[in-house]
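A closer look at the structure
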Amino acid sequence: MNQIKLVVAGAVALLGAIAFSGHFSDPAPSASGEASAAVESSNTLRIGVDSTEPVYYESGGATKGFDYEMAHSVAEGMGVEPEFVAMDFNELFPALRAGKIDMIGAQVTSTSELEREFDFSAPYFSTYVAFLTPEGSAIHTRRDVNGKKIAVVDGAVQGSYLEEKYQDVQIVRAINVGAAIELIERGEADALFHGAPYAQSIIKDAPIALEEPIVYPVKDAPIGFVMRSGDQRKEQIDEVLKDMVLDGEWLRIKTAYFEADPLSDVFRDKGS
């Protein structure tokens, strides 16, 4: 019963966040006439995804993933065909800048730095992070990382977060998660700091034994779809997200992937 209450509370809080985002965020700059025409005439939404469980993956011959299902439902609500383009996380923003994709759906946290260059949709999730450590590690809590070498995926928000919140940490950047795990295996990093939704998949696929993740929430760190600045589809995407919360579609997708604690109470700190 408590689990159900937390999930429903999350849906209510998310709807409030969407309403707040829609009414109080600064208006996006207008797109050029040429870009606007291209947007209006397009019947396809090209979505860049990080091909990692639970965001986007294949299972039993079917495509699955939280961000996959969310983006697919958004495209369906817009009346366009989704086209998914899987790549490493560090390739997503260059692809968006180059116009190779229209939107990123890969657990991207909205930050002031990113918002200076890109537009974010209304939030559809909130950020949880995790430290992943090798078996036998002396790191048991997040306070234990001080003085340690921590690997992050280059371009991911975790690097900026470490720089801001941890003063005595040596950040080691890797091109992707696999490379970060190799750094740990070689003793060149003591832990990986990454998005918590990826943690169990990383543990399952890692070539070395990893401890259970040290997971905690990041306050005021909404996750949204990312578009080029001025993309006129943002308003339509926000409306579809709002409808998905109201009709229960968001709740269905969320509980399919994040029913277990601690992610089940991911919106509890929003005050619902």
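All of the points below concern the structure found in this document. The structure displayed is predicted, hence computed values, not measured ones. Residue numbers here run from 1 along each chain, matching the order of that chain's written sequence. Local features in a predicted model are, by the rule used here, given only for residues with pLDDT of at least 70; side-chain atom pairs are given and counted only at 80 or more, and totals for whole chains, interfaces and linings are based on all residues. As a rule here, side-chain values cover all heavy atoms of the structure and leave hydrogens and water aside.

**Some words on the overall build of the protein chain**
- Numbering of helices and strands runs from the N terminus, with a helix taken as a DSSP run of H or I at least four residues long and a strand as a DSSP run of E at least two residues long. In terms of regular secondary structure, the protein chain is built from 10 helices and 12 strands.
- Scored against the burial criterion, the 272 residues of the protein chain give a buried share of 48%.
- Method for areas: the Shrake-Rupley scheme with a 1.4 Å probe, in which residue coverage is limited to the protein chains shown. Of the roughly 13,200 Å² of accessible surface on the protein chain, 48% is carried by carbon and sulfur atoms. Burial classes follow relative accessibility: with a 1.4 Å probe on protein chains only, a residue under 20% of its type's maximum area counts as buried, one over 50% as exposed, and anything between as partly exposed.

**Structural notes on the packing of aromatic side chains**
- Classification of ring pairs uses Phe, Tyr and Trp, with its six-membered ring standing for Trp, and accepts pairs whose centres are within 6.5 Å; under 30 degrees between planes counts as stacked, over 60 as edge-to-face, and the remaining range as tilted. A complete count under the given rule lists 14 aromatic pairs for this structure.
- Seen in terms of ring centroids, Phe131 and Phe193 are 4.3 Å apart; in terms of plane orientation they differ by 25°. Their pairing is stacked. With Phe131 in strand β7 (residues 125-132) and Phe193 in strand β10 (residues 191-195), this residue pair connects regions lying 62 residues apart in the sequence. Across this residue pair, the class does not change: Phe131 and Phe193 are buried.

**Description of the pairing of strand β8 (residues 149-153)**
- With 4 of 5 residues buried, β8 is to be regarded as a mostly interior element.
- At least two DSSP bridges between two strands are needed for those strands to be called paired. As judged from the 5 bridges shared by β8 and strand β9 (residues 170-174), these two strands associate in the parallel manner. Counterpart to Ala151 in the pairing with β9 is Val172.
- Handedness of the crossover joining β8 and β9 through helix α6 (residues 157-165) is recorded here as right-handed. A clockwise path from the first strand over the helix to the second, with the strands pointing away from the viewer, defines a right-handed crossover.

**With respect to the nonpolar core**
- Within the largest apolar cluster, 52 residues are counted, with the highest numbers of intra-cluster contacts made by Met70, Phe225 and Leu241.
- If you list the elements that add at least two residues to this core, you get β1 (44-50), α3 (66-78), β7, β9, α7 (177-185), α8 (199-205), α9 (233-246) and α10 (249-258).
- Of all the elements, α3 adds the most residues to this core, at 7 residues.
- Nonpolar cores are built from buried Ala, Val, Leu, Ile, Met, Phe, Trp, Tyr and Cys residues. Side-chain atoms within 4.5 Å join them into one set. Ile150, Tyr161, Ala191 and Ala221 belong to the second-largest nonpolar core, a separate cluster that totals 16 residues.

**What to know about the pattern of salt bridges**
- A carboxyl oxygen of Asp or Glu within 4 Å of a side-chain nitrogen of Lys or Arg is what we treat as a salt bridge. For the coordinates displayed, the defined rule picks out 13 salt bridges.
- Measuring nitrogen to oxygen at the nearest pair gives 2.9 Å for the salt bridge that ties Glu188 to Arg186.
- Connected through salt bridges with shared partners, the residues Arg46, Asp102, Arg228, Asp231 and Arg233 form a single ionic network.

**Things to note about a negative patch on the surface**
- Exposure above 30% relative accessible area and no salt bridge define the residues that can form patches, which grow by joining like charges within 9 Å and nonpolar side chains of Val, Leu, Ile, Met, Phe, Trp and Tyr within 5 Å. Only four residue types enter the charge count: Lys and Arg as positive, Asp and Glu as negative, with His and the chain ends excluded. A charged residue contributes its charge at one atom only: NZ of Lys, CZ of Arg, CG of Asp or CD of Glu. On the surface, Glu235, Glu239, Asp243 and Asp247 cluster together to form a negatively charged patch.
- Relative to the elements of secondary structure, Asp247 occurs in the loop between α9 and α10.
- By relative accessible area, Asp247 is classed as exposed at 56%.

**Let's talk about the packing of α3 against α9**
- Think of each axis as a best-fit line through the C-alpha atoms, taken over the contacting stretch in the case of a helix, with angles from 0 to 180 degrees between the N-to-C directions. At a closest axis distance of 9 Å, the pairing of α3 and α9 adopts a crossing angle of 110°. Viewed along their axes, α3 and α9 adopt a mutual orientation that is roughly perpendicular. In the packing of α3 onto α9, the handedness of the crossing is right-handed. When α3 is examined against α9, the residues Met70, Ser73, Val74, Gly77 and Met78 are found in contact with a partner set consisting of Arg233, Gln236, Ile237, Val240, Leu241 and Met244.
- Gly falls in the polar group here, along with every residue not listed as nonpolar (Ala, Val, Leu, Ile, Met, Phe, Trp, Tyr, Cys, Pro) or charged (Asp, Glu, Lys, Arg). Broken down by class, the residue content of the contact of α3 with α9 amounts to 7 nonpolar, 3 polar and 1 charged. By the definition adopted for this analysis, an angle is roughly parallel if under 35 degrees, roughly antiparallel if over 145, roughly perpendicular if from 65 to 115, and oblique otherwise. By convention the crossing between two helices is left-handed if the near helix lies anticlockwise of the far one by an angle smaller than a right angle, and right-handed if it lies clockwise. Every residue pair with non-hydrogen atoms within 4.5 Å of one another is taken to be in contact.

**Considering unusual backbone geometry**
- For the bond from Glu53 to Pro54, the omega torsion is 10°, close enough to zero to count as cis.
- At Gln107, a position not held by glycine, the phi torsion is positive, near 55°.
- By the secondary structure assignment, Gln107 is in the loop between β5 (103-104) and α5 (112-115).

**With respect to the side chain of Ser110**
- You can see Ser110 is positioned in the loop between β5 and α5.
- Taking the relative accessible area as the measure of exposure, Ser110 reaches 15% and is therefore buried.

**Description of the pairing of β1**
- Buried residues dominate β1, accounting for 5 of its 7 residues.
- By the bridge criterion, 7 bridges tie β1 to strand β4 (residues 81-87) in an arrangement that is parallel. Within β4, the residue paired with Leu45 across the bridge is Pro82.
- Pairing of β1 with β5, which is carried by 2 bridges, proceeds in the parallel orientation. The partner of Ile47 across the bridge, within β5, is Met103.

**Remarks on the sheet that holds β7**
- One open sheet holds the 5 strands; their spatial order is β9-β8-β10-β7-β11, and the pairing between them is mixed. A single partner strand is all that each edge strand has here, and the edge strands are β9 and β11 (214-223). When strand polarity is set aside, the average angle formed by the axes of neighbouring strands in this sheet is 30°.

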